[in-house]
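Fold and contact review
Residues per chain are reported as follows:
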Amino acid sequence: MIYENEIHPPQVPRYTVTPDGAEISIGRADFPKPFYIGLQYASPARGHWTIAHSPMLIPQCHEIYVCCACCLHGVVLSADEIPDGAGRFSMVTLTNENLIKGNLEDMMIDGISRIIEELPERPRCVEGFTSCMQHFLHIDVRIVYDTLRQRFPDIDFIDGYMTPTLQRRYTPDILGRRQLMRAVTKMPPRRAVNYIVNYYPVDGDNELTAMLCAGGYAIHDFADCRTYDEYKQMGESAANIYFLENAAPAARDMKRRLGQDALYLPYAYDYGTLRKNLQTAADVLHLTMPDCDAFEQQIEEKAMKLHNILGQTPIAIDFTATPRPLGLARFLLTHGYNVYAVYLDAISPDEKDSFFFLKEHYPNLSLRSTMHFKRRLLPRDDSRKYGKVLAIGQMAAYFTDTKYFVNVIENSGLYGYVGLMKLLDWIGDAAGKENPNMREIIQVKAWGCHG
């Protein structure tokens, strides 16, 4: 028998997807949440780091995830993308039998112990990760790690958490950064400071580093520790300098545990904040200020030369490139550049001034969500609509479909006046050379991680 709908199949309705809800001009946007994010879209731009990648920055640290199999699938693939990541990653699978028996503590202790005993080389540090399920059932994490420390007194244990459904006080990124410093213990004090908890080594050419070295300070950079002993030496420092708002709980925790001062010297693109950062460091650590006027003059000259080359080339920026995307947009716009879009999902409190400045003076600047479900369906054709588009960041490159992009993640170590000058150089380089491998590059997870 042939049914009627087989002879005359029903017409499939065609829907037109509008950008409403996923895009808004900054003049109409609300601070700090310009978008309502419900169902989320994840783009294939994967250069940012995750909790599977960041523990690899601790030399001789072994990760052990104690989770359900469904959660482990993604984590193990992330770890395997890092050189020797699979060799520094293990897992204990949580099963229904464990839930029914209620032996979550015992299975975690026994599972981690067996892994350690069978490793070809003894790790100096182990970060174990519990998942949402253990915390729903109120596992006693303290008993687990106290027992493990008694069994393996030669190993430092860090309690890690893969609990995305339990975001109460801290997000996974903030909590993860704090825990990365938990194995640092107090040591005899020395004239030294730490850079924490950045994922890229801070560029050594910046003026803050030069000022610290001139003042006789040794610098321990978390992201540049090559041995576990170097990591532990962070316990001898007088202060922790952090550049990301998400690293604040780590700095506060180290102040409480180790008595180290916490100095927040944030990434910035305005001269006032850059000067203030240096003055704060100079006052607390008794240093001599550099010639800020000279740096600012160099930046103005470089920005003018670059603008003469770029002209009105459309520029898009995204939040994975820099934690201050609106601050960077403000700098470029006030120097005559044509920034037309910023990709972000929320606005940091540190960007409040830049938000309202841009809202008043550049109300047509487009804010575009990267996670709104419509982003999956909206066209990615800016490079065809506007011609040559320059993207700063991987997500901006993907969503605009441009081959001219600055491949930068979380500032990639650039800092201060010198960092801004180098970023302008990178922008000039990207604008002058087409990169045909954009789609392959942006799919590499934890860009720049070398294990």
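The present account deals with the structure reproduced in this document. (Residues numbered from 1 in each chain as written. Predicted model: local features only at pLDDT ≥ 70, side-chain atom pairs only at ≥ 80, totals over all residues. Heavy atoms only, no water.)

Our next topic: the sheet that holds strand β5 (residues 156-162). With parallel pairing, the four strands of this open sheet are ordered in space as β3-β2-β4-β5. In this open sheet, the two edge strands, each paired with only one partner strand, are β3 (89-93) and β5. In this sheet, neighbouring strand axes are inclined to one another by 20° on average, regardless of whether the strands run parallel or antiparallel. With seven bridges joining them, strand β4 (residues 125-131) and β5 adopt parallel strand pairing. The residue bridging Gly-128 from the neighbouring strand is Asp-159, located in β5. (Pairing = 2+ DSSP bridges. Helix = DSSP H or I, 4+ residues; strand = E, 2+ residues; numbered from the N terminus. Axes fitted to C-alpha atoms, helices over the stretch in contact; angles between N-to-C directions.)

By size, the foremost hydrophobic cluster in this structure holds 66 residues, and its most contacted members are Leu-208 and Ile-392. The leading source of residues in this core is helix α17 (residues 416-432), at nine residues. If we ignore the near neighbours within four places in the chain, the residues touching Ile-392 are Ile-315, Ala-316, Ile-317, Asp-318, Ala-321, Leu-328, Leu-332, Val-406, Val-408 and Ile-427. (Core = buried A, V, L, I, M, F, W, Y, C linked by side-chain atoms within 4.5 Å. Buried < 20%, exposed > 50% of the residue type's maximum accessible area, 1.4 Å probe, protein only. Contact = heavy atoms within 4.5 Å.)

Further remarks concern the side chain of Ser-131. Assignment of secondary structure puts Ser-131 in strand β4. The contacts of Ser-131, once residues within four sequence positions are left out, are Val-66, Cys-67, Leu-94, Met-162 and Thr-163.

What follows concerns the packing of aromatic side chains. Taken as a whole and judged by the stated rule, the model has 21 aromatic pairs. Seen from their ring centres, Tyr-340 and Tyr-386 are 5.2 Å apart, and the 70° between their planes marks the pair as edge-to-face. Here the residue Tyr-340 occupies a position in strand β11 (residues 338-343), and Tyr-386 occupies one in the loop between α15 (382-385) and β13 (390-392), the gap between them amounting to 46 residues. Residue Tyr-340 is classed as buried on the basis of its relative accessible area, which comes to 13%. When its relative accessible area of 39% is taken as the criterion, Tyr-386 is described as partly exposed. Joined through ring pairs, the aromatic side chains of Tyr-195, Phe-243, Tyr-267 and Tyr-415 make up one cluster. (Phe/Tyr/Trp six-rings, centres within 6.5 Å; stacked < 30°, edge-to-face > 60°.)

What follows concerns the packing of helix α4 (residues 104-118) against helix α6 (residues 141-151). Helix packing for two helices is described by the angle between their axes and how far apart those axes are. Contact geometry for α4 and α6: axes closest at 9 Å, N-to-C directions at 30°. Accordingly, the angle class assigned to the pair α4 and α6 is roughly parallel. As for the relative orientation of α4 and α6, their crossing is right-handed in sense. Contacts from Glu-105, Met-108, Ile-109, Asp-110, Ile-112 and Ser-113 in α4 reach Ile-143, Val-144, Tyr-145, Thr-147, Leu-148 and Arg-151 in α6. (Parallel < 35°, antiparallel > 145°, perpendicular 65-115°, else oblique. Left-handed = near helix turned anticlockwise from the far one by under 90°.)

A few words on the pairing of strand β10 (residues 314-318). Of all the five residues making up β10, five are buried; the element is thus mostly covered by neighbouring parts of the structure. Burial of the side chains of β10 extends over both faces: Pro-314, Ala-316 and Asp-318 are buried on one face and Ile-315 and Ile-317 on the other. As defined by bridge partners, β10 adjoins β11 across five bridges and the pair is classed as parallel. Across the sheet, the residue bridging to Asp-318 is Tyr-343, located in β11. With respect to chirality, the unit in which β10 leads through helix α13 (residues 325-334) into the neighbouring parallel β11 is right-handed. Of the strand pairs in this sheet, β10 and β13 are connected by three bridges, and their pairing is parallel. (Right-handed = clockwise from strand over helix to strand, strands pointing away.)

Before going further, it helps to spend a moment on the sheet that holds strand β7 (residues 218-221). Read across the sheet, four strands follow the order β7-β6-β8-β9 without closing on themselves; strand pairing throughout is parallel. A single partner strand is all that each edge strand has here, and the edge strands are β7 and β9 (261-264). Each adjacent strand pair in this sheet contributes to an overall mean axis angle of 25°, direction not counted. Two elements, strand β8 (residues 239-242) and β9, share four bridges in a ladder whose sense is parallel. Looking at β9, one finds that Tyr-242 is bridged to Tyr-264. Where helix α11 (residues 271-285) meets the sheet, it contacts β6 (192-196), β8 and β9, and its direction lies at approximately 160° from that of β9.

Keep in mind that these numbers describe shape and distance, not what the molecule does.
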